[in-house]
Amino acid sequence: MAYTKVLLLPLSIIYGLVVQTRNFFFHIGILKSRSFSVPVICVGNITVGGTGKTPHTELLIAELKKKFRVACLSRGYKRKTSGFVLAGANSTVRQIGDEPMQIKNKFPDITVACDGNRIRGIEKLLSQNPAPEVIILDDAFQHRYVQADKNIVLVDYNRPVHEDCLLPAGRLREHTSALKRADYIIVTKCPPNLQPIERRILSKHLKIKPYQQLFFTTLKYGNIQGLSSRAIHIQPGKDSGILCITGIARPAPYIEYLKTFTSHVTELHYPDHHNFTKKDIQHIEKTFQEIKHEKKYIFTTEKDAVRLKTCNLTEEVKKRIYYIPVVPVFIKNESSFLNEISEYVRKNQK
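Computed from a predicted model, the values in this text were never measured in an experiment.

A closer look at the sheet that holds strand β9 (residues 225-226)
In sheet architecture, strand pairing relies on hydrogen bonds along the backbone and comes in two forms, parallel and antiparallel.
Here's step 1: Spatially, the five strands line up as an open sheet ordered β9-β13-β12-β10-β11, and their pairing is mixed. Strands at the two margins of the open sheet, each flanked by one partner only, are β9 and β11 (265-269).
Here's step 2: Of the strand pairs in this sheet, strand β12 (residues 296-300) and strand β13 (residues 321-323) are connected by three bridges, and their pairing is parallel. Across the sheet, the residue bridging to Ile298 is Ile321, located in β13.

Okay, here's the thing in structure tokens:
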């Protein structure tokens, strides 16, 4: 792995020069950023995958929808459509992608849309009647053609950005100097007992500016949900067998949590945002049948559950599939963060 990384470093240098040049063009005005008539809040990162972006976006939506008409705009990664697509009651993962589908399922009363061209997407949203009062941009920190009013950038505690390098040798989309464009930086997936000295060290590594605020969150697992019904009350015991299916960037913490129920966990890993094929489903069902425990379950992540719902599963298997939602919990100052964002949106209604 280290040898491959060394071989890829020249490509990372070239990639970095291209990104740096693009950002410089935005800085001097050759490339233009456009602002809009409603507050635009961007939730993004500088790495590829695995920072907990969707749960944090949901937390923000849950707070803002109490007072404002909220719209969430995503590019709809791995969807099978193009252009602007407005999510509706009958939308599918193929049409809008798994993350927008998850958000729409959880918040059916907000507007969810997809468009790789964020400017066009915002224009389409603003033409809706009634128009949104705040727009949340999902994963758009690098989409600089939109001038976001507030940039929230997430970094993973377990993958320190100051120790990483640019694509393709590393996982950075941009150099860590890009963090200076953020208004809020949230270090996610922290241990719940994160000490003040660690917070100060991380602040130093991230080179927090006077105009920025730094927050820390940990992930809390919610109640077990069924794939076919939300009203599920089960608790796998130590003698149970679990088949864990994951198609996310970093499944290790989820698997470790499942092992708190039972040590008998069989793992099936797929790429991030994986679209399950007929062959995959057959393999999943075969693997599940081979588990010898009398009590056995299939567990997956919430994002994978959105995609699995559309697969041609047998009823016997479908009723055995469960997922566990995750919720970000601020280690300190949650109300300060949410209230400040909400107050900014209130004061900037036009």
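Still to come is the rest of the account.
What about the sheet that holds strand β1 (residues 40-45)?
Here's step 1: Spatially, nine strands are ordered β3-β4-β2-β5-β1-β6-β7-β8-β14 in an open sheet, and the strand pairing comes out mixed. Unpaired on one side and paired on the other, β3 (85-86) and β14 (326-330) mark the two borders of the sheet.
Here's step 2: Judged from the four bridges that link them, strand β2 (residues 70-74) and strand β4 (residues 111-114) form a sheet pairing that is parallel. Its bridge partner lying in β4, Ala71 is registered against Thr111.

Considerations on the packing of aromatic side chains
Aromatic ring pairs: the centre-centre distance and the angle between the two ring planes describe each pair.
Here's step 1: Under the counting rule described, the total for this entry stands at 14 aromatic pairs.
Here's step 2: Between the aromatic rings of Tyr221 and Tyr254, the centroid separation amounts to 6.2 Å while the plane-to-plane angle is 45 degrees, which identifies the pairing as tilted. One end of the pair, Tyr221, is in strand β8 (residues 213-221); the other, Tyr254, is in helix α7 (residues 252-258), with 33 residues separating them in the sequence. Here Tyr221 and Tyr254 have matching classes, each one buried.
Here's step 3: Above the face of the Tyr344 ring, Lys150 is positioned so that its terminal group lies 4.8 Å from the ring centre.
Here's step 4: The side chain of Arg181 reaches across the aromatic face of Phe141, ending 4.2 Å from its centre.

Focus: the pattern of salt bridges
Here's step 1: Following the criterion strictly, the structure yields 21 salt bridges and no others.
Here's step 2: Arg250 is the salt-bridge partner of Asp156, the closest N and O atoms lying 3.4 Å from each other. Here Asp156, found in strand β6 (residues 150-156), pairs with Arg250, found in the loop between β10 (241-246) and α7; they are 94 residues apart in sequence, far enough to count as distant.
Here's step 3: Here Asp304 makes a salt bridge to Arg307, at a shortest N to O gap of 2.5 Å. Here the residue Asp304 and the residue Arg307 both occupy positions in helix α9 (residues 302-308), the gap between them amounting to three residues, near one helical turn.
Here's step 4: For Arg307, a relative accessible area of 3% puts it in the buried group.

Rules of the game
Residues numbered from 1 in each chain as written. Predicted model: local features only at pLDDT ≥ 70, side-chain atom pairs only at ≥ 80, totals over all residues. Heavy atoms only, no water. Pairing = 2+ DSSP bridges. Helix = DSSP H or I, 4+ residues; strand = E, 2+ residues; numbered from the N terminus. Phe/Tyr/Trp six-rings, centres within 6.5 Å; stacked < 30°, edge-to-face > 60°. Buried < 20%, exposed > 50% of the residue type's maximum accessible area, 1.4 Å probe, protein only. Lys NZ or Arg CZ within 6 Å of the ring centre and 35° of its normal. Salt bridge = Lys/Arg side-chain N within 4 Å of Asp/Glu carboxyl O.

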